Amino acid sequence: MSTTKPKIWVPGDWNAFFGFGTNILVNLLTLSALLRFVLKMPDDMVFKHILPAAGMMMCMSTMYYAWLAYRLAKKTGRTDVCALPSGISVPHMFIVTFVIMLPVKLATGDPMKGWQAGLTWVFIQSFVLMLGGYLAPIVRKITPKAALLGALAGVSISFISMKPALEMFMTPMVGLVCFAIILVSWFGGVKYGGIPAGLVAIAGGSIIAWGSNFFGFHLGGMSAEALKASFSTFSFSVPTPQIGLVLGGLHWEFLKVILVTAIPFGIYDLVEAMDNVVSASAAGDEYPTTRVLTADGVVSLFGCLMGNPYINAVYIGHPGWKAMGGRIGYSAATGLMVIVLSWFGVISLMTALIPVVAISPILLYIGMLIGSQAFQESPHKHAPAVIMAIVPSLAAWGKLQIDNSLGAVANIHQVTPDMVASMAQTGVFYHGLAILGGGSILAGVVLGAITTYIVDRKFMNAAGFAFAGGVLTFFGLMHGEAIGINQTPSVALSYLVVGGVLMACAKFATAEAKEPEALEASEDGEMPALAAE
């Protein structure tokens, strides 16, 4: 272990702090909106109990990962170690709200029961994470990097990049200007006199948005009325134990739904967190997978017992924060910022001051880096596997857009076979999107691994992943719209047949050796044409 004492804060931490901090702020704003306007929870419950507990959990998480980065920097003597970003899992924020809490709240008419359902869901999932952390290193060892990073790239392109990109072009005077400010600094090396580029972008976007009000354009939706109303949530509230609520027991009708979803989504979290650890490793920072996953489970359990119904997760984006100069301090500073936001009730003030479209370019930047990393850190010959791993997330995103559109325009929340047939006639294969996009991150890992091992002529390894894909599909963890038994039998059987074909190739086929340079970039950076085999 090096005797050099790592620096807690470096100038680049300012950039990462403003970037990651605004990311966390957006997530907190989204969370509070779901609680207040979807679940119709009283403001006292939201601002005095749930948000303070969520803030405590995120502070614990970001402080722990700052400490883990400090240990790694001290052990290696390196000065470029970047802490893992973490916070409330955004996909699960929506899942626990709409799949767990809302149905219980509607069935009972009691928001307290909805809150209790969310707490119970996190309680169960926390133990899945803690126990699964000991299996994750084995999975990581046998799964190709192209499959893990490719699945992560699929999430970054579809669910991280698309929304902010669309928001930017809906309000281009703010979004594109802020994006340019960020790109010329974080990619182009332009400095702003020591002021972090993230702060310059947010300040510039806010000035444009507020200034546009004088000309009647109202870009970004800023208003003096909303700013004035935001002060009404100011109060000091600390989290209080909710152990009785967590262990109070729900009716079996609700509990069985929680059990059926919490366990498979815990597995989903395992794979996603493992992908993010691999992403950090590819960027140069090797963190222990078991310790990271068990930490997520432990802090989620503490947060749950204090009243937070949302799971903690290592975030996608470590290479992005590292590329902009983030090291150790940005993570700890973000944890302190979250405490101030959640315990003093100033979240609504921030959303009234800063237009969301000024923050969107930071999220798009992160999506760009993660998507690029899958290709940059994998061998060139594995590029087809990266694409294969990305495709399921694109399908899941496409289906989500259709579902949300039908619900918003026609109040249709269940797609019938006739509707599926009508969409197919116009080239929209909804059924295909649903099957391919079901359990997209697991599907991406499995399909990416199969493709990687085929490229490497390791047919038995590919067969193993095909058989695993069949089992996961049989139980609805992949390619299914619900968790259960025999959910998508035709797809499960197809994976088993593919596994058999690959085993036959391993035993009986003679594969032509691939030219080492066939998929490698030439010296001048151009990709040579693929030779027909």
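Residues numbered from 1 in each chain as written. Predicted model: local features only at pLDDT ≥ 70, side-chain atom pairs only at ≥ 80, totals over all residues. Heavy atoms only, no water.

Undergrad: Kindly report on the overall build of the protein chain, identifying the contributing residues and their values.
TA: When helices and strands are counted, the protein chain shows 22 helices and two strands. For the protein chain, the C-alpha radius of gyration of 24 Å lies close to 24 Å, the compact-globule estimate for 533 residues. Taking the principal axes of the C-alpha coordinates as reference, the protein chain spans close to 75 × 60 × 55 Å. Within the protein chain, the fraction of its 533 residues that count as buried is 53%. Of the roughly 23200 Å² of accessible surface on the protein chain, 69% is carried by carbon and sulfur atoms. Once the 27 positive and 27 negative side-chain charges of the protein chain are each reduced to a mean point, those two points are 10 Å apart. (Helix = DSSP H or I, 4+ residues; strand = E, 2+ residues; numbered from the N terminus. Rg over C-alpha atoms; globule rule 2.2 N^0.38 Å. Buried < 20%, exposed > 50% of the residue type's maximum accessible area, 1.4 Å probe, protein only. Areas by Shrake-Rupley, 256 points an atom, 1.4 Å probe, with all protein chains shown as cover. Lys, Arg positive; Asp, Glu negative; His and termini not counted. Charge placed at Lys NZ, Arg CZ, Asp CG, Glu CD.)

Undergrad: Requested: an account of the nonpolar core, with residues and values cited.
TA: Leu35, Met41, Ile88, Tyr287 and Trp321 are the most contacted members of the largest nonpolar core, which has 131 residues in total. Of all the elements, helix α2 (residues 43-76) adds the most residues to this core, at 15 residues. Core analysis: the second largest hydrophobic core is formed by six residues, Ala53, Cys59, Met306 and Trp343 among them. (Core = buried A, V, L, I, M, F, W, Y, C linked by side-chain atoms within 4.5 Å.)

Undergrad: Explain helix α21 (residues 459-474) to me, and be specific about the residues and the numbers.
TA: The terminal C-alpha atoms of α21 lie 22 Å apart, and with 16 residues this matches the ideal 22 Å at 1.5 Å per residue to within 8%. Its buried side turned inward, α21 meets α5 (136-142), α20 (440-455) and α22 (489-508). In the segment just after α21, Gly476 is the residue with positive phi, at about 80°. (Expected span 1.5 Å × (residues − 1). Contact = heavy atoms within 4.5 Å.)

Undergrad: So what's going on with the state of the cysteines? Residues and values would help.
TA: Taken as a whole and assessed by the stated rule, the structure comprises zero disulfides. Of all cysteine sulfurs in the structure, the one in Cys82 sits closest to Cys59, which takes part in no disulfide; the separation is 18 Å. A relative accessible area of 13% places Cys59 in the buried class. (Disulfide = S-S within 2.5 Å.)

Undergrad: With reference to specific residues and values, describe unusual backbone geometry.
TA: Of note in the backbone geometry, Asn411 takes a positive phi value of approximately 55° without being a glycine. Along the polypeptide, Asn411 turns up in the loop between α17 (383-410) and α18 (417-425). Of note in the backbone geometry, Arg457 takes a positive phi value of approximately 65° without being a glycine. Structurally, Arg457 can be placed in the loop between α20 and α21. Judged by its relative accessible area of 26%, Arg457 is partly exposed.

Undergrad: Quick one: what's the story with the packing of aromatic side chains, residue by residue and with numbers?
TA: Using the criterion set out here, one finds 16 aromatic pairs in the structure. Where Trp9 meets Trp14, the ring centres are 5.1 Å apart and the plane angle is 75°; that geometry is what we call edge-to-face. Judged by its relative accessible area of 33%, Trp9 is partly exposed. Accessibility expressed as a relative area gives 40% for Trp14, which makes it partly exposed. Three or more aromatic residues joined by ring pairs form one cluster here, namely Trp9, Trp14, Phe17 and Phe18. (Phe/Tyr/Trp six-rings, centres within 6.5 Å; stacked < 30°, edge-to-face > 60°.)

Undergrad: So what's going on with α2? Residues and values would help.
TA: The terminal C-alpha atoms of α2, which comprises 34 residues, lie 47 Å apart, in line with the 50 Å expected from a rise of 1.5 Å per residue. Helix geometry: α2 is bent most strongly at Leu51, by close to 30°, with proline Pro52 lying one to four residues after it. With its phi angle positive at about 75°, Gly77 sits one or two positions after the end of α2. (Bend = angle between axes of the 7 residues up to and from the residue.)

Undergrad: Give a description of the packing of α2 against helix α4 (residues 111-132) that names residues and reports values.
TA: Axis angle and axis distance: for two packed helices, these are the angle between their axes and the distance between the axes, and together they describe the pair. Following both chains from N to C, one finds α2 and α4 inclined at 25°, their axes separated by 13 Å at the closest point. By the criterion of interaxial angle, the relationship of α2 to α4 is roughly parallel. Considering how the two elements wind past one another, α2 and α4 form a crossing that is right-handed. Contacts from Met45, His49 and Ile50 of α2 reach α4 at Pro111, Met112 and Trp115. (Axes fitted to C-alpha atoms, helices over the stretch in contact; angles between N-to-C directions. Parallel < 35°, antiparallel > 145°, perpendicular 65-115°, else oblique. Left-handed = near helix turned anticlockwise from the far one by under 90°.)

Undergrad: Give me the lowdown on the environment of Gly248, citing residues and values where you can.
TA: Locating Gly248 in the fold gives a position in the loop between α10 (243-246) and α11 (252-282). Using a relative accessible area of 52% as the deciding quantity, one classes Gly248 as exposed. The spatial distance from the C-alpha of Gly248 to the C-alpha of Thr120 is 9.2 Å, given a sequence separation of 128 residues.

Undergrad: Describe the pattern of salt bridges, naming the residues involved and giving the relevant values.
TA: Counting across every chain of the model gives nine salt bridges. One salt bridge connects Arg78 with Asp285, and the closest N-O pair in it is separated by 2.6 Å. Placement of Arg78 in the loop between α2 and β1 (86-88) and of Asp285 in the loop between α11 and α12 (289-305) is noted, with a sequence separation of 207 residues between them. For Arg78, a relative accessible area of 25% gives the class partly exposed. (Salt bridge = Lys/Arg side-chain N within 4 Å of Asp/Glu carboxyl O.)

Undergrad: Quick one: what's the story with the side chain of Thr289, residue by residue and with numbers?
TA: Mapped onto the elements of the fold, Thr289 is located in helix α12. Among the residues examined, Thr289 registers a relative accessible area of 7% and is labelled buried. Those residues within four positions of Thr289 in sequence are excluded, and the remaining contacts are Ala136, Pro137, Arg140, Met274 and Val277.

Undergrad: Describe the side chain of Ser342, with residues and values.
TA: Turning to its location among the elements, Ser342 is positioned in helix α14 (residues 329-343). Reaching out from Ser342, the side chain makes a polar contact with the backbone oxygen of Val338 at a distance of 2.8 Å. Ignoring any residue separated from it by four or fewer positions in sequence, one finds Ser342 in contact with Phe47, Leu51, Pro52, Gly55 and Ile347. (Polar contact = N/O pair within 3.5 Å; in protein donor to acceptor, adjacent residues only side chain to side chain.)

Undergrad: Lay out a nonpolar patch on the surface in plain terms, naming residues and giving numbers.
TA: Side chains of Phe236, Val238, Val340 and Phe344 sit close together on the surface and give an oily, nonpolar patch of about 360 Å² of accessible area. In this structure, Val238 sits in the loop between α9 (224-230) and α10. (Patch = residues over 30% accessible without salt bridge, like charges linked within 9 Å, V, L, I, M, F, W, Y side chains within 5 Å.)

Undergrad: Account for the packing of helix α7 (residues 172-186) against helix α16 (residues 356-376), with residues named and values stated.
TA: As a packed pair, α7 and α16 sit with axes 8 Å apart at the nearest point and diverge in direction by 45°. In terms of their interaxial angle, α7 and α16 are classed as oblique. Remark: the crossing between α7 and α16 carries right-handed chirality. Residues Val174, Gly175, Cys178, Phe179, Ile182, Leu183 and Trp186 of α7 form the contact with α16, whose own contacting residues are Val357, Ala358, Pro361, Ile362, Leu364, Tyr365 and Met368.

Undergrad: Outline the confidence of the model for the protein chain, listing residues and values.
TA: Confidence in the prediction of the protein chain, expressed as mean pLDDT, is 86, and 91% of residues score 70 or more. Mean pLDDT in the protein chain bottoms out at α11, which sits at 72, and peaks at α22, which reaches 96. This model gives residues 517-533 a pLDDT under 50, and the stretch forms 18 contacts once residues within four places in sequence are excluded. (pLDDT = per-residue confidence, 0-100.)

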